[in-house]
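A look at the structure
For reference, the chains in residue letters:
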Amino acid sequence: GARAVYGRMRKVVYGVRAIMLVLFSMALLRVKRPEWLKGIFPDALGRVLGLLRVPEVRTLRKKLGVLALVRKAHQFVLWLACRRAKEAPRALGFLYVDGHVRAYYGKKWLPKAFLTTRKQVLPATTDYWVNDRDGEPVLVRPTEANPGLAKMLPTIVAAVREVVGPKRRVTIAFDRGGWSPKLFRKLLKLGFDVLTYRRGKITPLPRSAFREETTHADGKRHTYRIAEAITKLKGAPLLRRIAVARADGKETEIVTSRRDLPAALLAYRMFERWRQENY
């Protein structure tokens, strides 16, 4: 895949294949930066990969610079996503989209964002990940600033369309950060369905409207107390409103354009968005 996108480097000791093997092994070993290779014997890791030795830090940095100048990283990610789509097409019916903030330690000025893992506001960028219904990654779209999920979703679904093909209808599931009735209308026109949590002030449905509903998914049985209604949002078409009763007496509300699937199954798919967080 890397050779198909980047081609071949001129006659050198470490070409595209060798560099990709090194990066792949670094990921498996949880080596996050080239500098961390200083703690690993180059010849020992090289033997594992079928090389005389892995490149030193300076050489690896130089090779990464050469690949970066080609500006084909996004194309390479799409190539990988298309391959995954062919291997597991059934898992792409529901796609989870979310942004993950990554701290920036470079010298350029970048806007700041709150990092939940460190509980600090620091210069950062946001990577928008797309995962399939099992939580496995499909593609990632880095950004240089920190645009909101609602602003990025049209760009993200354009990349998704390249992966799934022009006709397949996919349900995009996301959290309240992407809440925008105008965005819902746009996504529906582009041939996508939406599945998200309801945002804003909610009038609870009467308890008499709730009923027990069971669904089977991923080899297990799931039961919820559910009430349904049709909701009209300003700037969006009629959508399905699904309220799920919680143990604390409150309710969690889901809004979706899918009317062909049982409410319990849609609730399960929405709650399973945490698979992406776990990954």
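Structure: above.
Residues numbered from 1 in each chain as written. Predicted model: local features only at pLDDT ≥ 70, side-chain atom pairs only at ≥ 80, totals over all residues. Heavy atoms only, no water.

Looking at the nonpolar core
Ranked by size, the top nonpolar core spans 34 residues in total, and within it Leu-95, Val-130, Leu-139, Ile-172 and Phe-174 carry the most contacts. Going through the elements one at a time, α5 (73-87), β1 (94-103), β3 (120-131), β4 (137-142), α6 (149-164), β5 (170-174), α7 (181-189) and β6 (192-197) are the ones with two or more residues in this core. (Core = buried A, V, L, I, M, F, W, Y, C linked by side-chain atoms within 4.5 Å. Buried < 20%, exposed > 50% of the residue type's maximum accessible area, 1.4 Å probe, protein only. Helix = DSSP H or I, 4+ residues; strand = E, 2+ residues; numbered from the N terminus.)

Here we look at the packing of aromatic side chains
Following the criterion strictly, the structure yields 5 aromatic pairs and no others. Both rings, one in Tyr-197 and one in Phe-271, keep their centres 6.5 Å apart while their planes meet at 20°; by these two values the pair is stacked. One end of the pair, Tyr-197, is in strand β6; the other, Phe-271, is in helix α8 (residues 263-271), and 74 residues separate them in sequence. A residue is classified by how much of its surface remains accessible, and Phe-271, at 23% relative accessible area, is partly exposed. An aromatic cluster is defined as three or more aromatic residues linked by ring pairs; in this entry it consists of Phe-174, Trp-179 and Phe-184. A cation over a ring is seen here: Arg-207 above Phe-210, with NZ or CZ 5.0 Å from the ring centre. (Phe/Tyr/Trp six-rings, centres within 6.5 Å; stacked < 30°, edge-to-face > 60°. Lys NZ or Arg CZ within 6 Å of the ring centre and 35° of its normal.)

A look at the side chain of Glu-213
Checked against the element boundaries, Glu-213 lands in strand β7 (residues 211-217). Take Glu-213: its relative accessible area is 13%, and that puts it in the buried class. Here Arg-211 takes part through its side chain, which lies 3.1 Å from a polar atom of the side chain of Glu-213. Among residues more than four places away in sequence, those in contact with Glu-213 are His-222, Thr-223, Tyr-224, Ile-226, Pro-262, Ala-263 and Ala-264. (Polar contact = N/O pair within 3.5 Å; in protein donor to acceptor, adjacent residues only side chain to side chain. Contact = heavy atoms within 4.5 Å.)

Observations regarding the packing of α6 against α7
Where α6 meets α7, the closest approach of the two axes is 10 Å, and the angle between their N-to-C directions is 5°. Taken together, the axes of α6 and α7 are roughly parallel relative to one another. Taken together, the residues of α7 that come into contact with α6 (itself represented by Ala-150, Leu-153, Pro-154 and Val-157) are Leu-183, Lys-186 and Leu-187. Residues belonging to the contact of α6 with α7 are distributed by class as follows: 6 nonpolar, no polar and 1 charged. (Axes fitted to C-alpha atoms, helices over the stretch in contact; angles between N-to-C directions. Parallel < 35°, antiparallel > 145°, perpendicular 65-115°, else oblique. Nonpolar A, V, L, I, M, F, W, Y, C, P; charged D, E, K, R; others polar.)

Remarks on the layout of surface pockets
Roughly 350 Å³ of volume is contained in the second largest pocket. As for the second largest pocket, its lining consists of 17 residues, and the residues nearest its centre are Gly-99, His-100, Val-101, Phe-114 and Thr-116. Every element with two or more residues in the lining of the second largest pocket is listed here: β1, β2 (112-115) and β3. Taken together, the residues of the lining of the second largest pocket sort by class into 7 nonpolar, 7 polar and 3 charged. (1 Å grid on protein atoms, 1.4 Å probe; cavity = no way out; pocket = protein on both sides within 12 Å on 5 of 7 lines; lining within 4 Å. Points joined across faces, edges and corners; volume = space filled by probe spheres on them.)

Things to note about the environment of Phe-114
On the secondary structure map, Phe-114 appears in strand β2. In this structure, the C-alpha to C-alpha distance between Phe-114 and Ala-103, residues 11 residues apart in sequence, is 9.2 Å. Here Phe-114 is in contact with Val-101, Lys-119, Gln-120 and Val-121, once residues within four sequence places are set aside.

A look at helix α3 (residues 42-49)
Every buried residue belonging to α3 is among Pro-42, Leu-45, Gly-46 and Leu-49, and all of these are buried. Looking straight down α3, one finds that the buried residues subtend no more than 105° of arc, so they occupy a single side. Facing away from the buried side of α3 by over 90 degrees, the exposed positions are Arg-47 and Val-48. Remark: Gly-50 follows α3 within two positions and exhibits a positive phi of approximately 80°. (Arc of directions from axis to C-beta.)

Quick look at the pairing of strand β9 (residues 238-245)
Most of β9 sits out of view: 6 of its 8 residues are buried. With 7 bridges connecting them, strand β8 (residues 220-232) and β9 associate as antiparallel partners. Across the sheet, the residue bridging to Ile-226 is Val-244, located in β9. In this antiparallel pair of consecutive strands, β8 and β9, the connection spans 5 residues, and Gly-235 shows a positive phi of 90°. As judged from the 6 bridges shared by β9 and strand β10 (residues 251-256), these two strands associate in the antiparallel manner. Considered in β10, the bridge of Ile-242 is made with Ile-254. In this antiparallel pair of consecutive strands, β9 and β10, the connection spans 5 residues, and Gly-249 shows a positive phi of 90°. (Pairing = 2+ DSSP bridges.)

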